[in-house]
Amino acid sequence: MIQEVKRTVASGYLALVVLTAAQLGFGYLVFTAIRDQSIGLLILYILISVIVLVCWAGLFMVHPNEAKVLQLFGKYAGTCHDPGLRWANPFYTKVAVSVRVRNFESGKLKVNDSNGSPIEIAAVVVWKVFDTAEALFEVDDYVNFVQIQSEAALRNLGTTYPYEPHEDEGGLALRSNPVEIAQALREEIQERLSQAGVTVIEARISH
């Protein structure tokens, strides 16, 4: 769903120079129209100056590891990932979304393992947003969504495997197969978050 907007987003530094020159130029023209008492030109120059003033609202800043999601009257217009001062349609609404890598550590959850034994389990999940549009529009609060779905996946993992392996059965166990369990946890969390524009970098049992 990611849609770049390179064609409609211009360099903010160039726009700053152009807008400043235009504002000063038409300001001078308004002064000359007043001096010459030319009503028609005065109205024209004032209208153009107002348009230039509106164009100033198109300037916005994109910080490193941040994206700006652009909407035009409620319709998704694209996402700008390029850091720095940028300019776009002044009628765009611009919402900042962090694309930094984040950590989430769950609380200690009390569950019963596959053998019915009560255990406490916790996990650390490393994740980041990769599709800003999906993160904003597919779920109400993507940060809260990550936390809830990660804990749900952790509960399911805790009830799927035993804490200790049985000698006669073998198979994976929470305590003796940390690498395989971590991979299974990451895959389940990723599946749950597939519609939220989030990618899971790492997930591991911490308790």
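To start, this report covers the structure provided alongside it. (Residues numbered from 1 in each chain as written. Predicted model: local features only at pLDDT ≥ 70, side-chain atom pairs only at ≥ 80, totals over all residues. Heavy atoms only, no water.)

Observations concerning the pairing of strand 2 (residues 59–62)
Selection criterion: Any residue under 20% of the maximum accessible area for its type is buried, any over 50% is exposed, and the rest in between are partly exposed; the area is computed with a 1.4 Å probe on protein chains only. Helix and strand assignments follow DSSP, with helices taken as H or I runs no shorter than four residues and strands as E runs no shorter than two, numbered in order from the N terminus. Here a strand pair is declared whenever DSSP counts at least two bridges between the two strands.
In strand 2, alternate side chains face the same way, and those of Phe 60 and Val 62 are buried while those of Leu 59 and Met 61 on the opposite face are not. Taken together, the four bridges between strand 2 and strand 5 (residues 84–87) define a ladder with antiparallel strand orientation. Residue Leu 59 lies in a different strand from strand 5, and its bridge partner there is Trp 87.

Some words on the sheet that holds strand 6 (residues 92–98)
The following threshold applies: To get an axis, fit a line to the C-alpha atoms, keeping to the stretch in contact for a helix; angles then go from 0 to 180 degrees between the N-to-C directions.
Read across the open sheet, the three strands follow the order 4-3-6; overall the sheet is antiparallel. At either end of the open sheet lies a strand with only one pairing partner, and these are strand 4 (75–80) and strand 6. On average, adjacent strands in this sheet sit at an angle of 25° to one another, irrespective of strand direction. Two strands pair when backbone bridges link them, and strand 3 (residues 66–72) and strand 6 are joined in this way by seven bridges, in the antiparallel orientation. Bridge pairing in strand 6 links Leu 70 to Lys 94.

Here's the deal with a nonpolar patch on the surface
Rules: Like charges are joined within 9 Å and nonpolar side chains (Val, Leu, Ile, Met, Phe, Trp, Tyr) within 5 Å, but only among residues with over 30% relative accessible area and no salt bridge; these make up the patches. Per-residue and other accessible areas follow the Shrake-Rupley method at a 1.4 Å probe size, with only the shown protein chains counted as cover for residues. Whenever a carboxyl oxygen of Asp or Glu lies within 4 Å of a side-chain nitrogen of Lys or Arg, that contact is scored as a salt bridge.
On the surface, Ile 46, Val 50, Val 54, Leu 72, Phe 73 and Phe 91 cluster together into a nonpolar patch covering about 570 Å² of accessible area. Tallying contributions element by element places helix 2 (residues 39–56) first for the nonpolar patch, with three residues. Tracing the chain through its elements places Phe 73 in the loop between strand 3 and strand 4.

These results come straight from atomic positions and should not be treated as a statement about function.
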